[in-house]
Amino acid sequence: MKTVHILNPAAGQGGAMKYRNSGRAYVTAGVGDARRFVAKTLENTCEEINFIVYGGDGTINEVVCGIIDSGSDRAYISLVPTGTGNDFARTVRKAGRKCIEADVLTVDDGVSVNTVNTGFDLNVVLYASRFKQKPLISGSMAYILGVAAALMGRFGMRIRVEYTDEHGKDGVFDGECLLAVAGNGNYYGGGFMASPAASITDGLIDLMIVKKVSRLKFISLVGKYKKGQHIDIKAGRPLKKFEDIIFYKKCRRVVISGINAVCCDGEIVETDRADIGVLPRAVRILSNKDCIIK
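Residue indices follow the written sequence of each chain, beginning from 1 at its first position. With pLDDT at 70 or above as the cut-off, local features in this predicted model cover only qualifying residues; side-chain atom pairs require 80 or more to be listed or tallied, and sums for whole chains, interfaces and linings still use all residues. To obtain the side-chain values, all non-hydrogen atoms of the structure were included, while hydrogens and water were left out.

If you had to explain the overall build of the chain to someone new, which residues and values would you point to?
Counting from the N terminus, the helices are the DSSP runs of H or I reaching at least four residues and the strands are the DSSP runs of E reaching at least two. The secondary structure content of the chain amounts to 6 helices and 16 strands. Taken over C-alpha atoms, the radius of gyration is set against a globule rule of 2.2 Å times the number of residues to the power 0.38. For a compact globule of 294 residues, the expected C-alpha radius of gyration is about 19 Å, and the chain comes in at 18 Å, within 12% of that figure. Here the C-alpha coordinates of the chain stretch approximately 55 × 45 × 35 Å along the principal axes. Taken over 294 residues, the chain has a buried fraction of 55%. The accessible surface values rely on the Shrake-Rupley method and a 1.4 Å probe; as for residues, cover is taken only from the protein chains in view. About 13600 Å² of surface is accessible on the chain, with carbon and sulfur atoms providing 49% of the total. None of His or the chain ends enter the tally, which takes Lys and Arg as positive and Asp and Glu as negative. Positions of charges follow a simple convention, taking NZ of Lys, CZ of Arg, CG of Asp or CD of Glu. In the chain, 40 side chains carry a positive charge and 31 a negative one; their mean positions are 7 Å apart. Summary of the burial criterion: residues with accessible area below 20% of their type's maximum are buried, those above 50% are exposed, and those between are partly exposed, where the area comes from a 1.4 Å probe applied to protein chains only.

Take a look at the structure:
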């Protein structure tokens, strides 16, 4: 199998560049470059290729898009997390398997390997992106500072979410909420376990909506939310302390409207409606000894 190394020098604080002498290394030149490079590489070869991705969730997203664009069944990816949050790599490490045929979420004309979210957490990403530009601030710390900043801003919004659950039953949530997350992976925001019951191999979307609560109540519960202690994984429902404020379903499709934007794998996309589906077993991920969150 041929190996190609893809380095994103803009991910995190430039940590990928210490691997620039690794074998066949391609250094991306900007947004969309990894996607174009991967698609072109696959279109011009009959070999199997393992793309080793040095970057964060956004870089992984681009590589997966390139694989899907090419229509190739000869591609694999391995992860060396050098981004800000590295949340998809956390989920891959947690799965603990040598080769994973992972699902990918579709989001209108794009994809998401990890999560699609809107509301409070989207505002956190906006603030965190500013903090992470400052020296000595890690991805996790930037997110925590982003939470603090977002707490002082607008708190709550009204959205409409139409969904088809895992049994094919249609439903609607229409009301005030603090945030909404469509999860493929377990983590976002540099280690917040928003979707503890999610699986990247079950062909389903973990839909979680946090209803609007006071700032004080949010602060009192955010620690448990970060640790994934808000969902009963075995029962597939919110734990008792959260059952009045969390709406949770495993779904085949989710449509969110009444919004201004969504955050797909850490990247903000302006839209007033997000139609989210699933591509089962869309990408093959190989275990990698460097897939470690430091």
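With reference to specific residues and values, describe the packing of helix 1 (residues 33–43) against helix 2 (residues 57–70).
Axes here mean lines fitted to C-alpha atoms, for a helix over just the part in contact, with angles spanning 0 to 180 degrees between N-to-C directions. The contact between helix 1 and helix 2 brings their axes to 7 Å, and the two run at 35°. Considering how the two elements wind past one another, helix 1 and helix 2 form a crossing that is right-handed. Contacts between helix 1 and helix 2 pair Asp 33, Ala 34, Arg 35, Val 38, Ala 39, Leu 42 and Glu 43 from the former with Glu 62, Val 63, Cys 65, Gly 66, Ile 67, Asp 69 and Ser 70 from the latter. The class makeup of the residues in the contact of helix 1 with helix 2 is 7 nonpolar, 2 polar and 5 charged. A clockwise turn of the near helix away from the far one marks a right-handed crossing, whereas an anticlockwise turn of less than a right angle marks a left-handed crossing. Contacts: residue pairs with any heavy atoms within 4.5 Å of one another. Note that Gly is not counted as nonpolar here; it falls among the polar residues with everything else outside the nonpolar set of Ala, Val, Leu, Ile, Met, Phe, Trp, Tyr, Cys and Pro and the charged set of Asp, Glu, Lys and Arg.

Pulling in residues and values, what's your account of the pairing of strand 4 (residues 75–81)?
Among the 7 residues in strand 4, 7 count as buried, and that is most of the element. Alternating residues of strand 4 divide into Ala 75, Ile 77, Leu 79 and Pro 81 and Tyr 76, Ser 78 and Val 80, and every residue in both groups is buried. DSSP-based pairing: two strands are paired if at least 2 bridges between them are found. Here strand 3 (residues 49–55) pairs with strand 4 via 7 bridges, running parallel. Its bridge partner lying in strand 4, Val 53 is registered against Leu 79. What joins strand 3 to strand 4 is helix 2, and the crossover it makes is right-handed. Orient the strands so they point away from the viewer; a crossover is then right-handed if the path from the first strand over the helix to the second runs clockwise.

Go over empty space enclosed by the protein, please, and point to the residues and values.
A cavity here means a set of points on a 1 Å grid, drawn over the protein atoms and nothing else, where a 1.4 Å probe fits but cannot get out; a pocket is an open set with protein on both sides within 12 Å along at least five of seven lines, and a residue lines either one if it has an atom within 4 Å of a point. Grid points are joined across faces, edges and corners, and a volume is the space filled by probe spheres set on the points. For the coordinates displayed, the defined rule picks out 2 cavities of 30 Å³ or more. One number sums up the size of the largest cavity: a volume of about 110 Å³. Mapped by element, the contributors of at least two residues to the lining of the largest cavity are strand 9 (170–183) and helix 6 (215–226). By residue class, the composition of the lining of the largest cavity is 11 nonpolar, no polar and 1 charged. In this structure, the second largest cavity occupies an estimated 40 Å³ of space. If you go around the second largest cavity, the residues you meet are Phe 120, Asp 121, Tyr 143, Val 147, Leu 179, Phe 192, Phe 218, Val 222 and Tyr 225.

A description of helix 2 should follow, citing residues and the corresponding values.
Over its 14 residues, helix 2 extends 20 Å from the first C-alpha to the last, a length consistent with the 20 Å expected when each residue adds 1.5 Å. With 11 of 14 residues buried, helix 2 is to be regarded as a mostly interior element. Of all the residues in helix 2, the buried ones are Asp 57, Gly 58, Thr 59, Ile 60, Asn 61, Glu 62, Val 63, Val 64, Cys 65, Gly 66 and Ile 67. In a helix, the anticipated span is given by 1.5 Å times the number of residues less one.

Go over the environment of Asp 174 with me, naming the residues and quoting the values.
With respect to the helices and strands, Asp 174 occurs in strand 9. In this structure, the C-alpha to C-alpha distance between Asp 174 and Arg 160, residues 14 residues apart in sequence, is 4.4 Å. A polar contact of 3.4 Å, which involves the side chain of Asp 174, links it to the side chain of Arg 158. Reaching out from Asp 174, the side chain makes a polar contact with the side chain of Arg 160 at a distance of 3.3 Å. As used in this structure description, the phrase polar contact means that two N or O atoms lie within 3.5 Å; if the pair is within protein, one of them must be able to donate a hydrogen and the other to accept it, and residues adjacent in sequence are counted only when both atoms belong to side chains.

Pulling in residues and values, what's your account of the pattern of salt bridges?
By definition, a salt bridge exists where a carboxyl oxygen of Asp or Glu is found within 4 Å of a side-chain nitrogen of Lys or Arg. Following the criterion strictly, the structure yields 8 salt bridges and no others. A salt bridge links Asp 69 to Arg 35; its shortest N-O distance comes to 2.6 Å. Of this pair, Asp 69 sits in helix 2 while Arg 35 is found in helix 1, placing the two residues 34 residues apart along the sequence. Residue Arg 35 is classed as partly exposed on the basis of its relative accessible area of 32%. A salt bridge links Lys 250 to Asp 206, with the shortest nitrogen-to-oxygen separation between them at 2.6 Å. One end of the pair, Lys 250, is in strand 13 (residues 246–257); the other, Asp 206, is in strand 10 (residues 205–211), with 44 residues separating them in the sequence. Both residues of the pair, Lys 250 and Asp 206, belong to the buried class.

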